[in-house]
Amino acid sequence: MSENKNWSRRNFLGTSAFAMAIPLVNPFTGFAQNNSSSKNDFPMNNNTNPETLPTRKLGSLEVSAMGFGCMSMQHGYAPRLSNEETAKVIRSAYEKGVTFFDTAINYGPFINEESVGLALSPIRDKVVIATKFGYGYDENGKNIGLNSRPDYIRKMTEGSLKRLKTDYIDLYYQHRVDPNVPIEDVVGVMKDMIQEGKVLHYGLSEVGGATIRRAHAVHPVTAVQNEYSFWTRDPEHEVLPVCEELGIGFVPWSPLGSGYLSGTITPNTPFDDKLDLRAHRARFTAEAQKHNWKLIGLLQEIGQKVYATPGQVALAWLLAKHPSIVPIPGSSNPKHIDENINALKIRLSTEDLQRLENGFTEIKVEGPRTTEALFANHDIGANLGESSKGTPLPKK
């Protein structure tokens, strides 16, 4: 990872010191409320000369060492922002040095790509845009399940290019593996579109080791995007080793555990039953949070040593795992965006990392990472306790 001397350490220390000044108390015995506003109250900035962050490589693709996940502002969480509001947040992340932005057709669906296009089309040559295909939609735009048929991929790609206001996609992921379409057929389309210049690199999401190997044999995979964070360790048993062996980058989605690892969520935090996925996650029940708060205490313990918030320690832990890991936290709160970016300045010692591992092993996590319905769409080997070794090839 390269460092840039112009990146202000004063800004880093100021942000971290502000965050550390907020007492973090166990919510089951009393909690100091976080008073920072999530309201997007900053104007669109047309500056095209932002701060410069350190970079990392996903395969041959160079990106800012901290990316930005655009989903949460318009999909999966509440409140939802308009396209214009979302575009302002995205541009603010760019002004702070982020050049790697992640979206998907399914976020909205469609509208999140529109927001990314609105924000980044004026600076298209200065950023890396990742989006995803893999779901089918009816005439009303309703998700009707997985669909990675080659002809449908091409149809959806044209829509993405239009919404993103671009003529190429830097990194194009298959959002979920379609069991009805051999991965070799999917990668064949990716290879063709790379030759045509519509796609520069491709990747896979929530995928197991066997599928990664099969895809990579047809055309090199640039990046894998699976859920990975301090409290979600599923990729460690087979996916990360395969990525390291093959020289594939790894992009952890939900690197802050849907916000929980920031230490600002308590049993009293309201989740919109219709709009916020956390309302239906077992890890976010009051009972599970009572247990899982021990993990926040562990992150805070290390944070007090390195002058960082629990969320910053969680991101620094990910960054320390391997130089080809690039987290993509998302937020609409300017202070949180600063906090996430400043995690790049935190260095965890060998002793810190060992303490985190020992503590995690001792505490464990209460509750599965997602719902049974969503688990069903994950590839064999993507989840903890599964192995894709010896997985037979699907019949055409």
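Basis of the calculations
Residues numbered from 1 in each chain as written. Predicted model: local features only at pLDDT ≥ 70, side-chain atom pairs only at ≥ 80, totals over all residues. Heavy atoms only, no water. Helix = DSSP H or I, 4+ residues; strand = E, 2+ residues; numbered from the N terminus. Buried < 20%, exposed > 50% of the residue type's maximum accessible area, 1.4 Å probe, protein only. Contact = heavy atoms within 4.5 Å. Areas by Shrake-Rupley, 256 points an atom, 1.4 Å probe, with all protein chains shown as cover. Core = buried A, V, L, I, M, F, W, Y, C linked by side-chain atoms within 4.5 Å. Pairing = 2+ DSSP bridges. Phe/Tyr/Trp six-rings, centres within 6.5 Å; stacked < 30°, edge-to-face > 60°. Lys NZ or Arg CZ within 6 Å of the ring centre and 35° of its normal. pLDDT = per-residue confidence, 0-100. Axes fitted to C-alpha atoms, helices over the stretch in contact; angles between N-to-C directions. Parallel < 35°, antiparallel > 145°, perpendicular 65-115°, else oblique. Left-handed = near helix turned anticlockwise from the far one by under 90°. Lys, Arg positive; Asp, Glu negative; His and termini not counted. Salt bridge = Lys/Arg side-chain N within 4 Å of Asp/Glu carboxyl O. Polar contact = N/O pair within 3.5 Å; in protein donor to acceptor, adjacent residues only side chain to side chain.

1. Here's the deal with the overall build of the protein
Right, so step 1: The helix and strand tally for the protein stands at 12 helices and 11 strands.
Right, so step 2: Counting every position in the protein, which comprises 396 residues, the buried fraction comes to 54%.
Right, so step 3: Nonlocal contacts in the protein, meaning residues at least 24 apart in sequence, comprise 77% of its contacts between residues at least 6 apart.
Right, so step 4: When the accessible surface of the protein is split by element, carbon and sulfur atoms take 51% of a total near 17000 Å².

2. Section: the nonpolar core
Right, so step 1: If you look at the biggest cluster of nonpolar residues, it comprises 88 residues, and the most contacted ones within it are F68 and F101.
Right, so step 2: Ignoring sequence-local partners within four residues, the contact set of F101 consists of F68, C70, I90, A93, Y94, L120, V127, V128, I129 and A130.

3. Looking at the sheet that holds strand 9 (residues 199-205)
Right, so step 1: Strand order in the open sheet made by the seven strands is 3-4-5-8-9-10-11, with parallel pairing throughout. At either margin of the open sheet sits one strand with a lone partner, and together these are strand 3 (68-69) and strand 11 (249-250).
Right, so step 2: The sheet contact formed by strand 4 (residues 100-102) and strand 5 (residues 128-133) spans three bridges and is parallel. Bridging across to strand 5, F101 finds its partner in I129.

4. Quick word on the packing of aromatic side chains
Right, so step 1: Using the criterion set out here, one finds 12 aromatic pairs in the structure.
Right, so step 2: Measuring from centroid to centroid gives 5.6 Å for Y228 and W317, while their planes differ by 55 degrees, and the two rings are tilted. Residue Y228 is found in the loop between strand 10 (223-225) and helix 7 (239-246), and its partner W317 is found in helix 9 (residues 310-321); the two are separated by 89 residues along the sequence. Accessibility assignment for this pair places Y228 and W317 in one class, buried.
Right, so step 3: Chaining the aromatic ring pairs together yields one cluster made of Y228, F230, F250, W317 and F360.
Right, so step 4: Over the aromatic face of Y168 sits the side chain of R124, whose NZ or CZ is 4.0 Å from the ring centroid.

5. Concerning the confidence of the model for the protein
Right, so step 1: Considering every residue of the protein, the mean pLDDT works out to 89; 86% of them sit at 70 or more.
Right, so step 2: Scored below 50 in pLDDT, residues 3-23 shows 31 contacts in the model against residues more than four places distant or in partner chains.
Right, so step 3: Of the regions scoring below 50 in pLDDT, residues 27-42 engages in 37 contacts with residues more than four places distant in sequence or in other chains.

6. Quick look at the packing of helix 6 (residues 209-218) against helix 7
Right, so step 1: Two elements in contact, helix 6 and helix 7, have axes whose closest approach is 9 Å; the angle formed by their N-to-C orientations is 25 degrees. Classified by the angle between their axes, helix 6 and helix 7 sit roughly parallel to one another. For the pair helix 6 and helix 7, the crossing hand works out as right-handed. Contacts between helix 6 and helix 7 involve G209, I212, R213 and H216 from the first element and V239, V242, C243, E245 and L246 from the second.

7. Observations concerning the pairing of strand 8 (residues 169-174)
Right, so step 1: In terms of burial, strand 8 is a largely internal element, six of the six residues being buried.
Right, so step 2: Alignment of strand 5 against strand 8, held across four bridges, turns out to be parallel. Its bridge partner being in strand 8, K132 is matched across the sheet by Y173.
Right, so step 3: Pairing of strand 8 with strand 9 involves five bridges; the strand directions are parallel. The partner of L171 across the bridge, within strand 9, is H201.

8. Some thoughts on the side chain of D178
Right, so step 1: Relative to the assigned elements, D178 resides in the loop between strand 8 and helix 5 (183-196).
Right, so step 2: Buried and without a salt bridge, D178 has R149 as its closest oppositely charged side chain, separated by 6.9 Å.
Right, so step 3: Among the polar contacts listed, one links the side chain of D178 to the backbone nitrogen of S148, at a separation of 2.9 Å.
Right, so step 4: Within the local environment of D178, its side chain forms a polar contact with the backbone nitrogen of N180, the two atoms lying 2.9 Å apart.
Right, so step 5: Leave out the neighbours within four places in its chain, and D178 touches L146, N147 and S148.

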